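Spelled out, the chains give:
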Amino acid sequence: MENCKQKHLAKEDSSEVLPALIKVITAHEVAGFDAVKQQDCVNDGFNSNCLHPSDSSIVGTETVGVEGENDLSNSQKMHFVSISMPPSPVGVHLHNTKMGLVGYNDEAILGYDIMGFAVTSKNDRQTKFYSQPILKGHVLNEAIASGRNPNNLDLPPKNPRFDVLEDKRFDYFKTWSGKLERQISNLRGKHRDTEQELETHRPAEIEILPADRYFDALEGPELDTLRASEEILLPKDKKWPFLLRFPISSFGICLGVSSHAIMWKALATSASTRFLHVNLDINLVLWCVSVALVAFVSFIYCLKVIFYFEAVRREYYHPVRVNFFFAPWIALLFLALGVPPSVSKKLHTSLWYILMTPVFCLELKIYGQWMSGGQQRLSKVANPSNHLSIVGNFLGALLGASMGIKEGPIFFFAVGLAHYIVLFVTLYQRLPTNEILPKEPHPVFFLFVAAPSVASLAWARIQGSFDHGARIAYFIALFLYFSLAVRVNFFRGFRFSLAWWAYTFPMTGAAIATIRYSIVVTNIVTKSLTVVLCAVATLTVASLLVITIIHAFVLDDLFPNDVAIAISQTRPKPTRKWYHGRNGSSDNKNCKKFLQCSNSDGKDIEAASVLKDVENNHSKGLRC
Amino acid sequence: METQKSQPEIQLAVSTDEPSATSTTPTAHSLSTTTPVHRSLSLSPILTRIHAGYFRITLSLSCQALLCKILLQPNNHNSGITFHVSQFLYSTILNILWSFAFCILVLFSVLYALRCFFRFNLVKKEFLHHVGVNYLFAPWISWLLLLESSPFVSPKHNFFIIFWWVFALPVLILDIKIYGQWFTKGKRILTAVANPTSQLSVIGNLVGSRAAAKMGWREVSVFLFSLGIVHYLVLFVTLYQRLSGGDRIPAMLRPVFFLFFAAPSMASLAWYSISGSFDTGSKMLFFLSLFLFTSLICRPGLFKKAMRKFSIAWWAYSYPITMLALASTRYAQEVNGGIPHAIRLILSALSVLVLFALLVFTALNTKMLLPDDDPILVPSLPILSLRTE
């Protein structure tokens, strides 16, 4: 009870202080937020909370803005709350709270319960994010102490604080929980006083998200859409750092463009397509563009590996994205296959060994997992993107055979063929245990065409001629292509993603196989088929290019928040609402009201009254 | 643990008529022996506990004899693959090894025949077990391999032909029974019973095919080969899919995963014998088995649980490596070069090493050779609910 009283007192105290505070807040609210989205508005509202000078009579130590929640509404809730806390790690205390009362044994914290809601609805892992406020207090106090008028701080300077706020949440995804970045920034001479505060963090445990978790939390043909009941570790409403939004499926662009270089080379050099009079320069231009693309995308992804290794790890455990780890090597193989004659006539055989070693190692891991590794059972995780892991084998065989290597190509062909049979049967079966296969046709199904067409090319090269084995594979590819092409009307209504570029290379592969076939069987049918398939491939790539440019520059959502890597370790309890801590439903309603009020206008008085409401409700049902 | 507390109670209730069966480790397997065991008769426990899985030893030995015969043959026209040993040394080594394998095989065959005679119900239960049934192929495979590697019987000899029929016919009969069950019988369909040891049936067909090819009987050879390959294809896909979720075999039997690369090696050898040269098909099968071998070697954690205690299942490590070494020998013979010879050397050395190690371990652990809780001796438990150890 005493605590309650104290809280009341404190609250009153703070309510006296509040008007001034809130003025500051609203000023800030208005200042930079007009041009910014609502979410940012709210978050900056936190920051303005933080600008509250640390002379609060409540505790007299620091002010801390309530840490950002993952949910917009939570942050809105905290919008008007000034919270003062002693500088103790919130995380530790939060564990002890029963109701969500931040367990400072004495201090009245107005919005504590709100924070508590947010906190207790998350699992323990995420509470560690909550020790951040102290840092903010430091930084903000510094800012205030340095005499800068908070009112005059406008958006750009605020952003660093915003980043500081957000950094902590993204830290989990950074390499060594952000230590690497801190090391680098330390090296650059920036003083960060986060060091001591970080001691209070629990060391980030390296946990492996089981495949089931991905299936539970995500849905969609590429397993990248969050289910409604799930939560993610990072804020849904804010734009994450670019590196975090850069998925590995971006290598799909490299695949699409580099396979085109090969196609134009084949068109220009094959005997049966002489009548088209294709210039070899097209191949040269496309090849140079592909080289640039591959270099660029690899560079960015390397940066991601360096700075956000945890995110990369999570992508590796993702059942669909793991196959895209083959994509860089496949792109390099394409480049080697499509090298213009003017650049190099013959490539050195050591290049083949260098390129195939990572493919081999990845294969060992992934096929071994299919056979014997725990949860990643093929019957459960098989999806058309697995074809990417198979195609690498056939491409390696093709490249090796073109270079004149004898045994290595057969090795990879054999391995690829055996596992392709397994995968093909499994996907065709559409087992009931397989939840991931899209129910309706999706561009990902075009990957079905990739493996047989490249296998036919490889076998033809190994055997020296386009013999029966190659023809069988080629006809299978052709059949699959047609059966998908006649259903093209159904490939609508899907959200565009960069992975779609990866689905274009099978079309190009089929076109190249057709060119090769037409060399052997030259008649009007094969020639027209060649022309048609090449035209379709070119058209697809061109339209994808246009769509990509639209998304990149006009719609600005080429790299949306990559929710697939940010899923939480455990499923949130379905009965709890996210804003509902352990309070009764009446509090929920009040919270709702509070939210609505805060959303609508955010006037001081109203806020204060609502706060009072909340306070009262809490004092009722509370442990005092 | 609660289960352990409850088990002795159950055990006491049932074991009234089998006082000797109560062992120190309360396991559910002890419930299975319903026939009274008399301690006085020393043969009886052996007959009760020995099962077809013990033929792994004979498989390894006969396969090693075959490898020895091929590798060390001094008058082989392609001397590039053989280690140069004198005729005397060669025949000595081969004779000793072959005789040893022969004796062990005869011993086990006699014991198993006695078991069939005296404990036929146990043999029947073995037949109904989804792992045990596959080991019924093991004796015949061992005999066939021994026949092939014998130093004094050539494949064209009548003796060889007669014995081939004696050993291959049971394989065919078992084939018809088991493969037929896979796709017809409701309870024992493939998706329910498939496990890595099912590849033994495939190996049986392939060994028979190879022996037939050696005899010059082309059609029979191709017949058996196609039978083996088709079922291998089905089995390969099924095993990779792992439909059932979780292994169908207990952790102690993890060494049988080595059968994954034994089957393609044997297929490669059989195709080599059929087609006469190590052509692309054989090469592809050999490469596949090499890849699977590498893949398993890189996953030592898979076998950790099985390696805690010595069991007869450890012998399952030996013969697949020997078969792979055999295939690599043929490969090195075909493709002369540094790497093929290096692979052959490494694999042959490994197979000899593993065999020796296993012999030593077996000699040191003779009393653990007939354990109570062998997973195959669980005839009373239904097929699908094997508890994992």
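Per chain, the residues get numbers from 1 upward, laid out in the order the sequence is written. Here chains are named by letter from A upward and ligands by number from 1 upward, in the order in which they appear as written. Two thresholds apply to this predicted model, a pLDDT of at least 70 for residue-level local features and 80 or more for giving and counting side-chain atom pairs, whereas whole-chain, interface and lining totals are computed over all residues. Working from all heavy atoms in the structure, the side-chain values ignore hydrogens and water.

Colleague: Tell me about the overall build of chain B, and please be specific about residues and values.
Modeller: Only DSSP runs of H or I covering at least 4 residues are called helices, and only runs of E covering at least 2 are called strands; the numbering of each starts at the N terminus. The helix and strand inventory of chain B stands at 14 helices and zero strands. Ordered by position from N to C terminus, the α and β elements of chain B give α-α-α-α-α-α-α-α-α-α-α-α-α-α. With a 1.4 Å probe rolled over the protein chains alone, any residue whose accessible area is under 20% of its type maximum counts as buried; one over 50% counts as exposed, and the rest are partly exposed. Across the 389 residues of chain B, 57% fall into the buried class. Contacts were defined at the residue level, with two residues in contact if any of their heavy atoms lie within 4.5 Å. Residue pairs in contact within chain B that sit at least 24 positions apart in sequence constitute 78% of those at least 6 positions apart. By element, 70% of the accessible surface of chain B is carried by carbon and sulfur atoms, the whole surface being about 16200 Å². Method for areas: the Shrake-Rupley scheme with a 1.4 Å probe, in which residue coverage is limited to the protein chains shown.

Colleague: Explain the overall build of chain A residue by residue, including any values.
Modeller: Check the secondary structure of chain A and you find 26 helices and four strands. Here chain A holds 624 residues, and the buried ones make up 60% of them. Residue pairs at least 24 apart in sequence account for 79% of intrachain contacts in chain A once pairs closer than 6 positions are excluded. Carbon and sulfur atoms make up 62% of the accessible area of chain A, which totals about 25000 Å².

Colleague: Account for unusual backbone geometry, with residues named and values stated.
Modeller: Notably, A:His277 is not glycine yet its phi reads approximately 55°, a positive angle. By the element assignment, A:His277 lies in the loop between α13 (251-269) and α14 (280-307).

Colleague: Report on the confidence of the model for chain A, specifying residues and quantitative values.
Modeller: Residue and element names in this part refer to chain A. Overall, the prediction assigns chain A a mean pLDDT of 70, with 56% of residues at 70 or greater. Residue-level confidence of the predictor is what pLDDT reports, using numbers from 0 through 100. Throughout residues 34-82 the model reports pLDDT below 50, and contacts reaching past four residues in sequence, or to other chains, amount to 157 contacts. Across residues 191-205, where pLDDT falls below 50, the model places 31 contacts with residues more than four positions away in sequence or in other chains.

Colleague: Would you mind going over the interface of chain A and chain B in detail, with residue names and values included?
Modeller: Across the boundary between the two partners, chain A contributes 33 residues, which contact 28 residues of chain B. For the pair chain A and chain B, the summed buried area comes to about 2600 Å², and 71% of that belongs to carbon and sulfur atoms. Using a 1.4 Å probe, buried area is obtained as the accessible area two parts lose upon being combined, added over both of them. The largest share of the area that chain A buries against chain B comes from A:Leu364, A:Met371 and A:Glu407, three residues that together contribute 26% of it. A pair is scored as a salt bridge if a Lys or Arg side-chain nitrogen falls within 4 Å of a carboxyl oxygen belonging to Asp or Glu. Seen at the junction of chain A and chain B, the total is one salt bridge. Its salt-bridge partner being A:Glu407, residue B:Lys283 comes within 3.3 Å of it at the nearest N-O pair. Here a polar contact is recorded for every N or O atom pair within 3.5 Å, except that within protein the pair must consist of a potential hydrogen donor and a potential acceptor, and residues adjacent in sequence are included only if both atoms are side-chain atoms. Taken together, chain A and chain B are joined by five residue pairs in polar contact (both at pLDDT 80 or more). Looking at the side of chain A that touches chain B element by element, the count peaks at 14 residues for helix α20 (residues 407-429) of chain A.

Colleague: Break down the pattern of salt bridges for me, citing the residues and quoting the values.
Modeller: Considering all chains together, one arrives at seven salt bridges over all chains under this definition. A salt bridge links A:Glu310 to A:Arg314; the shortest N-O distance between them is 3.4 Å. Within this pair, A:Glu310 and its partner A:Arg314 are both found in helix α15 (residues 309-317), separated by four residues, close to a single helical turn. Salt-bridge contacts for B:Glu126 lead to B:Arg115; the nearest nitrogen and oxygen are separated by 2.7 Å. Residue B:Glu126 is located in helix α5 (residues 120-128), and its partner B:Arg115 is located in helix α4 (residues 87-118); the two are separated by 11 residues in the primary sequence. Overall, B:Glu126 belongs to the buried group, its relative accessible area being 2%.

Colleague: Provide a residue-level description of the packing of α14(A) against α15(A), including the pertinent values.
Modeller: All names here are of chain A. Here an angle of 0 to 180 degrees is reported between the N-to-C directions of two axes, which are lines fitted to C-alpha atoms, with helices fitted over the stretch in contact. Where α14 contacts α15, the axes come no closer than 5 Å and their chain directions differ by 105°. The angle between α14 and α15 places the two elements in the roughly perpendicular class. Along its contact with α14, which presents Tyr301, Lys304, Val305 and Phe307, the element α15 presents Phe309, Ala311, Val312 and Glu315. By the definition adopted for this analysis, an angle is roughly parallel if under 35 degrees, roughly antiparallel if over 145, roughly perpendicular if from 65 to 115, and oblique otherwise.

Colleague: Give me the lowdown on helix α23 (residues 505-520) of chain A, citing residues and values where you can.
Modeller: To estimate the expected span of a helix, count its residues, drop one, and scale the result by 1.5 Å. Over its 16 residues, α23(A) extends 23 Å from the first C-alpha to the last, a length consistent with the 22 Å expected when each residue adds 1.5 Å. In terms of residue burial, α23(A) counts as a mostly covered element, since 13 of its 16 residues are buried.

Colleague: Got a sec to walk through helix α12 (residues 280-297) of chain B? Specific residues and values, please.
Modeller: Between the first and last C-alpha of α12(B) there are 25 Å, a value that for 18 residues agrees with the 26 Å anticipated at 1.5 Å per step. With 14 of 18 residues buried, α12(B) is to be regarded as a mostly interior element.

Colleague: Residues and numbers for a nonpolar patch on the surface, please.
Modeller: Every patch collects residues that have over 30% relative accessible area and no salt bridge, joining them within 9 Å if they carry like charges and within 5 Å if they are nonpolar side chains (Val, Leu, Ile, Met, Phe, Trp, Tyr). Taken together, the side chains of A:Leu545, A:Val546, A:Ile549, A:Ile550, A:Phe553, A:Val554 and A:Leu555 make up a nonpolar region of the molecular surface, amounting to roughly 700 Å² of accessible area. Checked against the element boundaries, A:Val546 lands in helix α24 (residues 524-554).

Colleague: I'd love a proper account of the packing of helix α19 (residues 387-403) of chain A against α20(A), names of residues and values included.
Modeller: All names here are of chain A. Where α19 contacts α20, the two axes come as close as 8 Å, and the packing angle between them is 155°. Here α19 lies roughly antiparallel to α20, going by the angle between them. In this structure, α19 crosses over α20, and the sense of that crossing is left-handed. Side by side, α19 and α20 meet where His387, Ile390, Asn393, Phe394, Ala397, Gly400 and Ala401 of the first sit next to Pro409, Phe412, Phe413, Gly416, Leu417, His419, Tyr420, Leu423 and Leu427 of the second. The sense of a crossing depends on the near helix, which, turned anticlockwise from the far helix by less than a right angle, makes the crossing left-handed and, turned clockwise, makes it right-handed.

Colleague: Could you give an account of the packing of aromatic side chains, naming the residues involved and the relevant values?
Modeller: Here is the rule: rings of Phe, Tyr and Trp (six-membered ring for Trp) pair when centre to centre is within 6.5 Å. Planes less than 30 degrees apart are stacked, more than 60 are edge-to-face, and the remainder are tilted. Scanning the entire structure with this criterion turns up 66 aromatic pairs over all chains. Measuring from ring centre to ring centre gives 5.6 Å for A:Phe475 and A:Tyr517, while their planes differ by 80°; the resulting arrangement is edge-to-face. With A:Phe475 in helix α22 (residues 468-485) and A:Tyr517 in helix α23, this residue pair connects regions lying 42 residues apart in the sequence. Taking 5.2 Å as the distance between ring centres and 55° as the angle between the ring planes, the aromatic pair formed by B:Phe258 and B:Phe261 counts as tilted.

Colleague: How would you sum up the environment of A:Cys534? Please name residues and give values.
Modeller: Residues and elements named next belong to chain A. As for its position among the elements, Cys534 is in helix α24. By relative accessible area, which is 6% here, Cys534 ends up buried. On a C-alpha basis, the gap between Cys534 and Met263 in space is 7.8 Å, while along the polypeptide they are 271 residues apart. Leave out the neighbours within four places in its chain, and Cys534 touches Met263, Leu267, Ala511 and Ile515.

Colleague: Give a description of the nonpolar core that names residues and reports values.
Modeller: Core analysis: the biggest nonpolar cluster contains 256 residues, and A:Leu255, B:Ile203, B:Leu296 and B:Tyr319 have the highest contact counts within it. Ranked by residues supplied to this core, first place goes to α13(A) with 12 residues. Apart from residues lying up to four places away in sequence, A:Leu255 is in contact with A:Ala327, A:Ile330, A:Ala331, A:Phe334, A:Leu388, A:Ala502 and A:Phe505. By convention a nonpolar core is built from buried Ala, Val, Leu, Ile, Met, Phe, Trp, Tyr and Cys residues, the set being connected through side-chain atoms within 4.5 Å.

Colleague: Any details on the side chain of B:Thr197? Residues and values, ideally.
Modeller: Mapped onto the secondary structure, B:Thr197 falls in the loop between α8 (190-193) and α9 (199-215). Overall, B:Thr197 belongs to the buried group, its relative accessible area being 0%.

Colleague: Could you give me a rundown of the environment of B:Leu147, with the residues and numbers involved?
Modeller: All names here are of chain B. As for its position among the elements, Leu147 is in helix α6 (residues 138-149). Taking relative accessible area as the criterion, Leu147 reaches 9% and is therefore assigned buried. Taking the C-alpha atoms as reference points, Leu147 and Phe167, 20 residues apart in sequence, are found 9.6 Å from one another.

Colleague: Quick one: what's the story with the side chain of A:Arg321, residue by residue and with numbers?
Modeller: All names here are of chain A. Tracing the sequence through the fold places Arg321 in the loop between α15 and α16 (327-337). Classification of Arg321 by relative accessible area gives buried; the value is 7%. For Arg321, the side chain forms a polar contact with the side chain of Glu315, separated by 2.8 Å. Filtering out sequence-adjacent residues up to four positions away, Arg321 remains in contact with Asp224, Pro247, Ile248, Ser249, Glu315, Asp562, Ala564 and Ile565.

Colleague: Which residues make up the state of the cysteines, and what values go with them?
Modeller: The rule for a disulfide is simple: a pair of cysteine sulfur atoms within 2.5 Å. Summed over the entire model, instances satisfying the criterion amount to zero disulfides over all chains. No disulfide involves B:Cys68; its nearest neighbouring cysteine sulfur is the one of B:Cys63, lying 12 Å away.

Colleague: Help me get a handle on the confidence of the model for chain B, residues and values and all.
Modeller: Residue and element names in this part refer to chain B. Overall, the predicted model of chain B reaches an average pLDDT of 80, with 79% of residues at or above 70. Confidence drops under pLDDT 50 across residues 1-41; counting only partners more than four residues distant or on other chains, this segment forms 41 contacts. Note on residues 378-389: pLDDT is under 50 here. Beyond four places in sequence and across chains, it has 28 contacts. Taken over the whole predicted complex, pTM reads 0.71, whereas the ipTM for its chain interfaces reads 0.79.

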